[in-house]
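Fold and contact review
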Amino acid sequence: MQLADRGTASDNTPAPREVESRELLGPQGQLVIQHDNRRYVLRITKSGKLILTA
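An account of the accompanying structure is given in this report. Here, residues in each chain are numbered from 1, in the same order as that chain's written sequence. Since the coordinates come from a predicted model, pLDDT governs what is reported: local features require at least 70, and pairs of side-chain atoms require 80 or more to be given and counted, while whole-chain, interface and lining totals use all residues. To obtain the side-chain values, all non-hydrogen atoms of the structure were included, while hydrogens and water were left out.

1. As for the overall build of the protein chain
This is how it is decided: Think of it this way: any DSSP run of H or I at least four residues long counts as a helix, any run of E at least two long counts as a strand, and we number them from the N terminus. Here's how the labels work: a residue is buried when its accessible area is under 20% of the maximum for its type, exposed when over 50%, partly exposed in between, all with a 1.4 Å probe on protein chains only. Contacts are residue-level and defined by heavy atoms, with any inter-residue pair within 4.5 Å sufficient. To be clear on the numbers: accessible area is Shrake-Rupley with a 1.4 Å probe, and residue cover counts the displayed protein chains and nothing else.
Per the secondary structure count, the protein chain includes 1 helix and 3 strands. Across the 54 residues of the protein chain, 11% fall into the buried class. Within the protein chain, contacts between residues separated by at least 24 positions form 4% of all contacts whose residues are at least 6 apart in sequence. Summed over all atoms, the accessible surface of the protein chain reaches about 4,800 Å², with 49% contributed by carbon and sulfur.

2. Some points on the pairing of strand E2 (residues 38–44)
Remark: a regular strand shows side chains that alternate across the two faces of the sheet. Note the cut-off: Strand pairing is defined by DSSP finding a minimum of two bridges between the two strands.
Of the strand pairs in this sheet, strand E1 (residues 30–35) and E2 are connected by 6 bridges, and their pairing is antiparallel. Its bridge partner lying in E2, Leu-31 is registered against Leu-42. Hairpin connection of E1 to E2: 2 residues between the antiparallel strands, including Asp-36 at a positive phi of 50 degrees. Of the pairings in the sheet, the one linking E2 to strand E3 (residues 50–53) comprises 4 bridges and is antiparallel in character. Residue pairing in the sheet places Leu-42 in a bridge with Leu-52 of E3. Where E2 folds back on E3, the antiparallel hairpin that results is connected by 5 residues, among which Gly-48 adopts a positive phi of roughly 90 degrees.

3. Regarding unusual backbone geometry
One non-glycine residue, Asp-36, lies in positive phi territory at about 50 degrees. Mapped onto the secondary structure, Asp-36 falls in the loop between E1 and E2. In this model, Asn-37 sits at a positive phi of 60 degrees, which is unusual for a non-glycine residue. Looking at the element boundaries, Asn-37 is found in the loop between E1 and E2. Take Asn-37: its relative accessible area is 82%, and that puts it in the exposed class.

4. Concerning the sheet that holds E1
Hydrogen bonds between backbone groups are what pair the strands of a sheet, and the pairing can be parallel or antiparallel. In plain terms, the rule: Axis geometry follows a simple rule: fit a line to the C-alpha atoms, using only the stretch in contact for helices, then measure angles between N-to-C directions, giving values from 0 to 180 degrees.
Spatial ordering of the open sheet is given by E1-E2-E3, a layout of 3 strands whose pairing is antiparallel. Each of the sheet's edge strands pairs with one partner strand only, and the pair in question is E1 and E3. Direction aside, neighbouring strands of the sheet carry axes that sit 20 degrees apart on average.

Below is the structure:
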């Protein structure tokens, strides 16, 4: 479920896309991201915060 579009900034550049973290992380609470030939893991910590590790 994607959040509603927030409109555009005053300089007519599009607002960044927004999504719910649970939508990205799924039931496992983790997402693997490939960037510049590196593997990153975005996950939810036990305290409910997000952490990105390489």
